[in-house]
Structure formats: structure tokens, C-alpha cells
Amino acid sequence: MYLSSTQMLKGIIDGCVLAIIKDKEVYGYELAEKLEAYGFESFSEGTIYPMLMRMQREELVTATFKKSTAGPRRKYYSLTQKGEEELQQFIYRWKQLQQSVNQVLRFESDD
């Protein structure tokens with residue numbers, strides 16, 4: 001089965017979002033900018049906010065409104081304990097996957 005890069009990224013982005021939020025609470029647009037700065041393709045608000053709302057429903061993140069110096073209040077997201085646990089599981093799974101793929105690529109490139 002062939003996975004498109006979009007399909008492959010879907011689960012990876014969730015883990016990356018949790019990692020970004022872990023160190024500092026962020027608002028949606030800021031999160032999109034951070035992802036783009038890390039080299040992920042542009043994320044629109046139509047992508048980021050539904051993902052954050054889903055994560056909030058799953059109790060991985062919590063949101064609070066704070067005053068903004070540039071306009072209306074912003075909704076800031078931070079990691080919950082459940083989100084921290086999910087991040088740790090993602091990191092474990094990512095390391096396992098990365099190790100397996102690297103082994104295959106090294107093996108296959110030796111031919």
C-alpha cells in the first residue's frame with residue numbers, strides 16, 4: 001500500500017504539535033508559523049484549528065483566552081497531562097519507526 005506524503009504527515013503532525021505546545025503555550029496562527037519554520041508546508045487556519053479542537057476534545061490540550069496586544073483576545077493552547085503522555089508515546093513510536101526505516105534504507109542501499 002502506498003501512502004501519500006499527506007497521509008504520512010497526518011499522524012506525525014499531531015506529535016509535532018504536541019512537542020511544540022509542550023514547552024510554551026501557543027495560539028493557532030503562531031503554531032502554524034512554527035510548523036512552517038520547521039519546514040512543514042504551509043498550514044492554513046482551516047487545518048490548524050480543527051486539529052486543535054480535536055486535540056482539545058481528546059483532552060490532549062487545554063485552551064485559555066488571553067489578551068492580545070494586536071487586536072482581540074487569543075486562544076492559547078497548552079499541553080495537559082494526557083497530552084504529555086501522548087507525546088511521550090509518540091516519541092517512543094517515532095524512534096522505533098525511524099530506527100526500522102533507517103535499517104531498511106541502509107540495508108537496501110548496500111545492494
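Quick notes on the rules
Residues numbered from 1 in each chain as written. Predicted model: local features only at pLDDT ≥ 70, side-chain atom pairs only at ≥ 80, totals over all residues. Heavy atoms only, no water. Phe/Tyr/Trp six-rings, centres within 6.5 Å; stacked < 30°, edge-to-face > 60°. Helix = DSSP H or I, 4+ residues; strand = E, 2+ residues; numbered from the N terminus. Lys NZ or Arg CZ within 6 Å of the ring centre and 35° of its normal. Core = buried A, V, L, I, M, F, W, Y, C linked by side-chain atoms within 4.5 Å. Buried < 20%, exposed > 50% of the residue type's maximum accessible area, 1.4 Å probe, protein only. Contact = heavy atoms within 4.5 Å. Pairing = 2+ DSSP bridges.

**Student:** What's the story with the packing of aromatic side chains in this structure? I'm lost.
**Tutor:** The relative placement of two aromatic rings is captured by the distance of their centres and the angle of their planes. Scanning the model with the defined rule gives two aromatic pairs in all. For the pair Tyr-27 and Tyr-76, a centre-to-centre distance of 5.4 Å together with 75 degrees between the ring planes defines the contact as edge-to-face. Note that Tyr-27 is positioned in strand S1 (residues 26-27) and Tyr-76 in strand S3 (residues 74-79), a separation of 49 residues in sequence. Measuring from ring centre to ring centre gives 6.4 Å for Phe-90 and Trp-94, while their planes differ by 20 degrees; the resulting arrangement is stacked. With a gap of four residues between them, Phe-90 and Trp-94 both fall in helix H4 (residues 81-109), about one helical turn apart. Positioned above the aromatic ring of Tyr-76 is the side chain of Lys-66, whose terminal nitrogen or guanidinium carbon lies 5.7 Å from the ring centre.

**Student:** Can you help me understand the environment of Gln-89 in this one?
**Tutor:** Of note, Gln-89 is situated in helix H4. Taking the C-alpha atoms as reference points, Gln-89 and Gly-15, 74 residues apart in sequence, are found 9.1 Å from one another.

**Student:** Would you mind showing me how to read the nonpolar core here?
**Tutor:** One recurring pattern in soluble globular proteins is that nonpolar side chains are buried together. Core analysis: the biggest nonpolar cluster contains 22 residues, and Val-17, Ile-21, Leu-31, Leu-35 and Ile-48 have the highest contact counts within it. Of all elements in the fold, only helix H1 (5-23), helix H2 (28-37), helix H3 (45-57), S3 and H4 reach the threshold of two or more residues within this core. The element best represented in this core is H1, accounting for six residues. When near neighbours in sequence (up to four residues on either side) are disregarded, Ile-21 contacts Val-26, Leu-52, Val-61, Tyr-77, Ser-78 and Leu-79.

**Student:** Would you mind going over the pairing of S3 with me for this structure?
**Tutor:** Look at any regular strand and the pattern is simple: side chains alternate between the two faces of the sheet. Examined bridge by bridge, S1 and S3 share two bridges and lie antiparallel to one another. Across the sheet, residue Val-26 finds its bridge partner in S3, namely Tyr-77. Taken together, the six bridges between strand S2 (residues 61-66) and S3 define a ladder with antiparallel strand orientation. Its bridge partner lying in S3, Val-61 is registered against Leu-79.

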